[in-house]
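Topology and contacts: notes
So you can see what is in the structure, the chains are spelled out below.
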Amino acid sequence: MSEKQPAKASHRSSPNSDAFRSFIAQGWAPRDQTRPRLCEAARYAAPRRAALSEAFPGQRLVIPAGGLKVRSNDCDYVFRPHSAFAHLTGLGSDREPDAVLVLDPLEEGGHEAVLYFRPLAPRESEEFFADSRYGEFWVGARPTLESMQAELGLQTRHIEQLPDALAKDAGLVELRVIRDADAEIAALVDQVRSTSGALTSHEQVEQNALADAELARHTSTMRLLKDEWEADQMRDACAGTARAFEAVVADLPEAVRRGRGERWVEGTFGLHARHHGNGVGYDSICASGDHANTLHWIKNTGDLRDGDLLLLDAGIEVDSLFTADVTRTLPISGRFTPAQRKIYDAVYAAQCAGIEACRPGNTFKDVHAAAIRVIAEHLFTWGLLPEGVSVEESLDPEGQYHRRWMVHGTSHHLGLDVHDCQLALREDYMEGELRPGMVLTVEPGLYFKADDELAPEEFRGIGVRIEDDILITQDGHENLSAMLPRTADDVEAWMARILAG
Ligand code: GLY
Ligand code: MN
Ligand code: MN
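1. A word on the overall build of the protein
A count of helices and strands for the protein gives 16 helices and 17 strands. Computed over C-alpha atoms, the radius of gyration of the protein comes to 26 Å, within 12% of the 23 Å expected from 2.2 N^0.38 for 501 residues, which places it in the range of a compact globule. Taken along the three principal axes of its C-alpha coordinates, the protein extends 75 × 55 × 40 Å. Here the protein holds 501 residues, and the buried ones make up 51% of them. The contacts of the protein with a sequence gap of at least 6 include a subset with a gap of at least 24, amounting to 71%. Accessible surface, the protein: about 23100 Å² in total, of which carbon and sulfur atoms supply 50%. Each charge sign in the protein was given a centre, from 52 positive and 81 negative side chains, and these centres are 3 Å apart.

2. A word on the coordination of the manganese ion (ligand 3)
Distances from the manganese ion (ligand 3) to its protein donors, namely Asp325 (OD), His412 (NE2), Glu443 (OE) and Glu467 (OE), fall within the range 2.0 to 2.1 Å. Because the angles between the six donor atoms bound to the manganese ion (ligand 3) fall within 50 to 157 degrees, the donor set is best described as irregular. Ordering the donors of the manganese ion (ligand 3) by residue number gives the pattern D-x86-H-x30-E-x23-E. In this structure the manganese ion (ligand 2) is found 3.2 Å away from the manganese ion (ligand 3), and Asp325 serves as a bridging donor for the pair. Within this pair, whereas Asp325 is found in the loop between strand E11 (316–317) and strand E12 (326–331), its partner Glu467 is found in the loop between strand E15 (462–465) and strand E16 (468–473), the two being separated by 142 residues in sequence. With a relative accessible area of 3%, Asp325 lands in the buried category. Classification of Glu467 by relative accessible area gives buried; the value is 0%.

3. Brief notes about the coordination of the manganese ion (ligand 2)
Taken together, Asp313 (OD), Asp313 (OD), Asp325 (OD) and Glu467 (OE) make up the full set of protein donors to the manganese ion (ligand 2), lying 2.0 to 2.3 Å away. Classification of the site at the manganese ion (ligand 2) as irregular follows from its six donor atoms and the range of 58 to 172 degrees in their angles at the metal. In the primary structure, the donors to the manganese ion (ligand 2) are separated according to the pattern D-x11-D-x141-E.

4. Here we look at the nonpolar core
In this structure, Val265, Leu379, Leu446 and Phe448 are the most contacted members of the largest nonpolar core, which totals 78 residues. The element best represented in this core is helix H10 (residues 228–250), accounting for ten residues. In this structure Val265 touches Val248, Leu252, Ala255, Cys286, Leu304, Leu310 and Leu312, once residues within four positions along its chain are discounted. Counting 27 residues, the second largest nonpolar core, distinct from the first, contains Leu52, Leu68, Ala84 and Ala113.

5. Observations regarding a nonpolar patch on the surface
Among the surface-exposed residues, Trp28, Phe137, Trp138 and Val139 lie close enough to one another that they form a single nonpolar patch of about 450 Å² accessible area. Tracing the backbone through its elements, the reader meets Trp138 in helix H5 (residues 136–139). A residue is classified by how much of its surface remains accessible, and Trp138, at 51% relative accessible area, is exposed.

6. Comments concerning the site of ligand 1
Close contacts around ligand 1 come from Tyr282, Asp313, Asp325, His412, His419, Glu443 and Glu467, and that covers them all. In this structure, Asp325 approaches ligand 1 through a side-chain N or O atom, which is 3.2 Å from an oxygen atom. At a separation of 2.7 Å, an oxygen atom of ligand 1 approaches a polar side-chain atom of His419. Residue composition of the shell around ligand 1, by class: one nonpolar, two polar and four charged.

7. So, the pattern of salt bridges
All chains considered together, the criterion is met by 41 salt bridges. Here Arg142 ties to Glu127 by a salt bridge, and the two come within 2.9 Å at their closest N and O atoms. Taken together, the residues span a long stretch of sequence, with Arg142 in the loop between H5 and helix H6 (145–152) and Glu127 in helix H4 (residues 126–130) at a distance of 15 residues. Taken individually, Arg142 and Glu127 each receive the classification buried, so the pair is uniform in this respect. Connected through shared salt-bridge partners, Arg60, Asp104, Lys168 and Asp169 make up one network.

8. What about the sheet that holds strand E10 (residues 309–314)?
The three strands lie next to each other as E9-E10-E12, forming an open sheet whose pairing is antiparallel. Only two strands of the sheet have a single neighbouring strand rather than two, namely strand E9 (285–288) and E12. Neighbour-to-neighbour, the strand axes of the sheet open up by a mean angle of 10 degrees, direction not taken into account. For E10 and E12, the ladder comprises six bridges, and the chain directions are antiparallel. When the sheet's bridge partners are listed, Ala314 is paired in E12 with Val326. Docked against the sheet, helix H12 (residues 261–276) engages E9 and E10, running at close to 150 degrees with respect to E9.

9. Some thoughts on H6
Taken together, the buried positions of H6 are occupied by Ser147, Met148, Glu151 and Leu152. Relative to the axis of H6, the buried residues are bounded by an arc of 115 degrees and lie together on one face. Buried positions along H6 lie against helix H2 (40–55), helix H3 (83–89), strand E5 (111–117) and strand E6 (155–158). Directly beyond the C-terminal end of H6, a positive phi value near 70 degrees is found at Gly153.

Cut-offs used in this document
Residues numbered from 1 in each chain as written. Chains lettered and ligands numbered in written order. Predicted model: local features only at pLDDT ≥ 70, side-chain atom pairs only at ≥ 80, totals over all residues. Heavy atoms only, no water. Helix = DSSP H or I, 4+ residues; strand = E, 2+ residues; numbered from the N terminus. Rg over C-alpha atoms; globule rule 2.2 N^0.38 Å. Buried < 20%, exposed > 50% of the residue type's maximum accessible area, 1.4 Å probe, protein only. Contact = heavy atoms within 4.5 Å. Areas by Shrake-Rupley, 256 points an atom, 1.4 Å probe, with all protein chains shown as cover. Lys, Arg positive; Asp, Glu negative; His and termini not counted. Charge placed at Lys NZ, Arg CZ, Asp CG, Glu CD. Donors = N, O, S within 2.8 Å, 3.2 Å for Na, K, Ca; no water. Tetrahedral: all angles 85-135°; square planar, octahedral: opposite > 155°, others 65-115°. Core = buried A, V, L, I, M, F, W, Y, C linked by side-chain atoms within 4.5 Å. Patch = residues over 30% accessible without salt bridge, like charges linked within 9 Å, V, L, I, M, F, W, Y side chains within 5 Å. Salt bridge = Lys/Arg side-chain N within 4 Å of Asp/Glu carboxyl O. Near = heavy atom within 4 Å. Polar contact = N/O pair within 3.5 Å; in protein donor to acceptor, adjacent residues only side chain to side chain. Nonpolar A, V, L, I, M, F, W, Y, C, P; charged D, E, K, R; others polar. Pairing = 2+ DSSP bridges. Axes fitted to C-alpha atoms, helices over the stretch in contact; angles between N-to-C directions. Arc of directions from axis to C-beta.

Right, dumping it as structure tokens:
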């Protein structure tokens with residue numbers, strides 16, 4: 001329904017004669033009518049919808065996938081649905097632009113889930129051959145209403161029916177929409193709401209915003225706990241990511257030789273990401289030398305030099321859109337220098353303390369507290385904290401001197417989004433207890449910029465981060481990325497094995 005079409009080029013034309021239209025509509029084999037089986041992802045999406053239904057009784061919940069986004073001129077980005085939509089339908093990569101999931105309240109209680117989308121157009125339609133954004137000739141065949149219904153196990157209707165479905169009892173049923181997923185659908189919902197007329201427009205805008213924010217927060221918070229299928233998706237994302245890291249190591253000599261080696265690394269990782277899953281879950285950080293001290297270095301324009309470190313922070317997003325988020329800091333020559341190893345070992349010790357704190361009963365922020373204490377202790381031992389400042393004084397909220405060298409947090413939740421569950425309240429996220437099924441990163445680092453005059457000269461230009469993806473279990477945790485080495489010795493031995501071919 002939402003035709004967010006870029007401007008049409010006037011020099012292009014589609015064949016349009018009656019003779020052509022009739023000719024192109026004929027001579028095709030009958031469409032395959034076989035219904036797909038209910039997909040595994042959908043089996044797990046149904047109980048999630050049931051939980052959401054229980055939280056918002058009697059209300060109509062609108063969860064758009066979002067539309068195609070223009071990259072430039074008439075080229076779109078590869079489509080990725082909104083994470084709330086993916087979570088509640090089970091649809092993953094590329095599916096389904098402009099679709100909208102509606103949980104429609106039933107009189108007898110509960111909701112009916114209906115997926116509104118743009119089904120496969122008939123061969124007699126102009127879209128079939130002429131629409132470069134949606135047409136079968138251009139981007140391939142879409143599912144039919146029947147096949148999508150069989151695949152997802154929910155009711156499906158044509159997207160053209162959505163406006164009436166939303167407006168049918170305007171003023172009687174409260175609507176909520178995930179606003180940031182699709183501005184046009186949010187506007188449509190607002191239009192329906194405005195017909196109830198009970199509030200001034202200003203009051204109404206505020207009330208709508210609050211109602212919608214609560215829905216968004218709820219869908220984000222639901223994702224804090226992963227079910228067994230999601231945990232398996234995360235295992236797969238981590239396994240693919242580990243293999244991509246190995247491929248990067250195998251290609252390091254080539255990356256050094258070619259120049260602009262950070263890009264070579266990015267490409268090698270990206271190749272494996274695209275091959276294994278949907279792609280990278282976020283822009284890969286391929287940071288050599290001092291670039292490692294720029295936390296989100298994604299320009300990746302630098303050379304790789306023997307003697308420097310490569311900080312590679314990269315993760316594969318599998319087809320269901322769950323992503324890994326892993327960092328290894330590798331000596332490009334295959335061997336750490338003494339200064340690099342000193343810093344690496346400190347970060348490793350901090351990470352071990354953080355991972356050790358990953359167990360039910362602890363809170364999320366306990367993980368950071370455990371890791372950052374080790375960081376502060378090392379900085380104190382090295383004499384880098386200001387004169388007379390103890391570890392405890394630095395750890396005090398009024399101190400925090402050590403954060404000069406690790407300004408980021410140690411952890412975040414991980415899942416469909418690399419920084420998952422971002423809308424959850426502080427009491428559920430930061431202060432929340434760790435529970436079996438949560439997945440979080442543990443990623444301490446130490447960063448000594450080349451121009452840091454407070455750092456020892458031998459440390460300047462060295463940045464180290466080690467990041468793993470940790471599933472909380474009944475009795476502790478499972479390190480999902482444990483197939484990649486973590487100690488300095490193991491990293492060297494692993495690299496030597498790969499580079500020996
Ligand atoms: N890759 C981004 C992060 O580690 O949070
Ligand atoms: Mn990362
Ligand atoms: Mn991370």
